[in-house]
There are 2 protein chains.
Amino acid sequence: MKTPKKISELTVYRLSIYERCLELLEKEKITTISSKEFAERFGLNSAQVRKDLAYFGEFGVRGIGYEVTLLKTEILRILGVLESSSGGEPWKVMIVGAGKLGSAILRYEGFKSYGFKIIAAIDVNTEASEYRLLSKDQKFAIPLYHVSEMEEVIRNQSVQIGILAVPEEKAQEIARKMTDAGIRAILNFVPVQLFLPDYVKVRHIDMAAELHCLTYFLSSQE
Amino acid sequence: MKTPKKISELTVYRLSIYERCLELLEKEKITTISSKEFAERFGLNSAQVRKDLAYFGEFGVRGIGYEVTLLKTEILRILGVLESSSGGEPWKVMIVGAGKLGSAILRYEGFKSYGFKIIAAIDVNTEASEYRLLSKDQKFAIPLYHVSEMEEVIRNQSVQIGILAVPEEKAQEIARKMTDAGIRAILNFVPVQLFLPDYVKVRHIDMAAELHCLTYFLSSQE
């Protein structure tokens, strides 16, 4: 099969959504599906689905459709979350800021199934009540370190991905320290623009901007 | 000044980011800025900034740049969050699912400054410890209703925006009830695709897809 060299970020994002849909089909023991049925079933744009999946060349079997498990596996490989594509190990993730939001993220179920492992949480207050509340539950017994130990933990444990959930005024300084210590990918929950070296990838979960997309829609409808 | 009739969702998203940057400039008493300086200061793409702001016609004063406060106000108006653009009142928001994540969202500081008002939280368990913990703090004394009362609250209080943070298996059913009761905009934190009428706008905060954008980047670098 041909594998695309470089695909756009928007396509990567959509592939992740398709992968989740394919998992649902697998659970329902559906083994093949046409792009049209796939789009209809999950409320996706069918032209877009065809275009995105065209990257995968021979995956569609004429007159039958896509093989669900095969396509899912191939997408996971492209996304870099199959063990074979990340060197046999899950990605090492650190949560920086173990307050209310950081603790909510720690509970995110997706981490287990998607090839990620949260190996540490960082806070200024290692007695932080939010986190202590969590850690009583053995399921969330992730070591909590003081922010002064952050860089050492990143280096010693080769942390690859950082999730940033600190107060606004600390975000830039801490993000810079994270990347200086070796982190090359950050999921930023803080509503500030980060200035980081070009080799660092940042994805920003910007709740204000998301809400503005909704208010723009609502006010342009009236 | 000319106002664009219809702008793309990606542009709306970027306008929200520009608005936050303009607020920072205002705090620093900077009154005018060129698109080039603006882009450099905030690490934005300067061609993109010029293109996006071109929608606003005469806002740039030749040789001086943009008037910070004027541009900020105009963007807020476009986004629909100036009081004058939402009928003199903040947008009414309901949080559905008052667990760990829902409670973290309740604390999001952005709600205060961006023309939103959270008027209710909904859960299956109105004794939910997460939420009770929150409400002891008077700042977060938002009424919590049982899910069976949700539609009544939406109708009686004309809730416009719903934030969905319920378990996966409940998401579709509850989202449908929300929209049937009159909500036309949903910010979805649940990792499922929602099937809703075309007149409903959904923005999806999809943490798995965000993380996959990072793992794709990391694995394509190696």
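Residues numbered from 1 in each chain as written. Chains lettered and ligands numbered in written order. Predicted model: local features only at pLDDT ≥ 70, side-chain atom pairs only at ≥ 80, totals over all residues. Heavy atoms only, no water.

Peer 1: How do you make sense of the interface of chain B and chain A when you look at a structure like this?
Peer 2: Frequently, the measure chosen for interface size is the accessible area removed from exposure when the parts meet. Taken together, the contacts link 68 residues of chain B with 68 residues of chain A. Across the chain B to chain A interface the summed buried area is about 6400 Å²; carbon plus sulfur atoms make up 69%. The largest contributions to the chain B side of the interface with chain A come from Lys-100, His-212 and Tyr-216 of chain B, which together make up 12% of the buried area. At the boundary of chain B with chain A, the tally comes to 4 salt bridges. A salt bridge links Arg-203 of chain A to Glu-210 of chain B; the shortest N-O distance between them is 2.6 Å. (Contact = heavy atoms within 4.5 Å. Buried area = accessible area lost by both parts, 1.4 Å probe. Salt bridge = Lys/Arg side-chain N within 4 Å of Asp/Glu carboxyl O.)

Peer 1: Before we go on, may I ask you to explain the relation of the copies chain B and chain A in this structure?
Peer 2: Two copies of one chain are present, and they are related through a rotation about an axis combined with an axial shift. When chain B is fitted to chain A, the residual RMSD is 0.0 Å, and the transformation amounts to a turn of 180 degrees plus an axial shift of 0.0 Å. Both copies of the chain, as the preceding transformation shows, are related through a two-fold rotation axis. Of all interface residues in chain B, 100% are interface residues in chain A too; the two copies therefore contact each other through one and the same surface. (Least-squares fit on C-alpha atoms with pLDDT ≥ 70 in both.)

Peer 1: Could you clarify how one ought to interpret the domain arrangement of chain A in this entry?
Peer 2: Residues and elements named next belong to chain A. Here chain A is described as being made up of domain 1 (9–81) and domain 2 (89–208). Counting from both sides, the interface comprises 6 residues of domain 1 and, opposite them, 6 residues of domain 2. Overall, the association of domain 1 and domain 2 removes approximately 570 Å² of surface from exposure, summing both partners, and the carbon and sulfur fraction of that is 39%. The interface formed by domain 1 and domain 2 includes 2 salt bridges. Linking Glu-9 and Arg-203 is a salt bridge whose minimum nitrogen-to-oxygen distance equals 2.5 Å. On inspection of domain 1 and its partner domain 2, the count reaches 3 residue pairs in polar contact (both at pLDDT 80 or more). Looking at the side of domain 1 that touches domain 2, its residues break down into 2 nonpolar, 1 polar and 3 charged. (Domains from an automatic or database assignment. Polar contact = N/O pair within 3.5 Å; in protein donor to acceptor, adjacent residues only side chain to side chain. Nonpolar A, V, L, I, M, F, W, Y, C, P; charged D, E, K, R; others polar.)

Peer 1: Even after reading the chapter, I still don't get the pairing of strand β5 (residues 116–123) of chain A, so can you show me in this structure?
Peer 2: Put simply, side chains in a regular strand alternate between the two faces of the sheet. Residues and elements named next belong to chain A. Counted residue by residue, β5 has 7 buried out of 8 residues, so it is predominantly covered. Note that strand β4 (residues 91–96) and β5 share 6 bridges and pair parallel. Bridge pairing in β5 links Lys-92 to Lys-117. As judged from the 3 bridges shared by β5 and strand β6 (residues 144–146), these two strands associate in the parallel manner. By the bridge assignment, Ile-122 is partnered in β6 with Tyr-145. (Buried < 20%, exposed > 50% of the residue type's maximum accessible area, 1.4 Å probe, protein only. Helix = DSSP H or I, 4+ residues; strand = E, 2+ residues; numbered from the N terminus. Pairing = 2+ DSSP bridges.)

Peer 1: Sorry, what's going on with the pattern of salt bridges here?
Peer 2: Taken as a whole, this structure holds 23 salt bridges over all chains when the rule is applied. Note that Asp-52 of chain A and Arg-14 of chain A form a salt bridge whose closest N and O atoms lie 2.6 Å from each other. With Asp-52 of chain A in helix α3 (residues 46–54) and Arg-14 of chain A in helix α1 (residues 9–27), this pair connects stretches of sequence that are 38 residues apart. Looking at Asp-52 of chain A, the relative accessible area reads 2%, which means it is buried. A residue is classified by how much of its surface remains accessible, and Arg-14 of chain A, at 21% relative accessible area, is partly exposed. Ionic pairing is found between Glu-26 of chain A and Lys-72 of chain A, a salt bridge with its closest N-O pair at 3.0 Å. With Glu-26 of chain A in helix α1 and Lys-72 of chain A in helix α4 (residues 68–79), this residue pair connects regions lying 46 residues apart in the sequence. Classification of Glu-26 of chain A by relative accessible area gives partly exposed; the value is 25%. Residue class for Lys-72 of chain A comes out buried when judged on its relative accessible area of 16%. Salt bridges here are not isolated pairs; linked through shared partners, they connect Glu-9, Lys-201 and Arg-203 of chain A together with Glu-210 of chain B.

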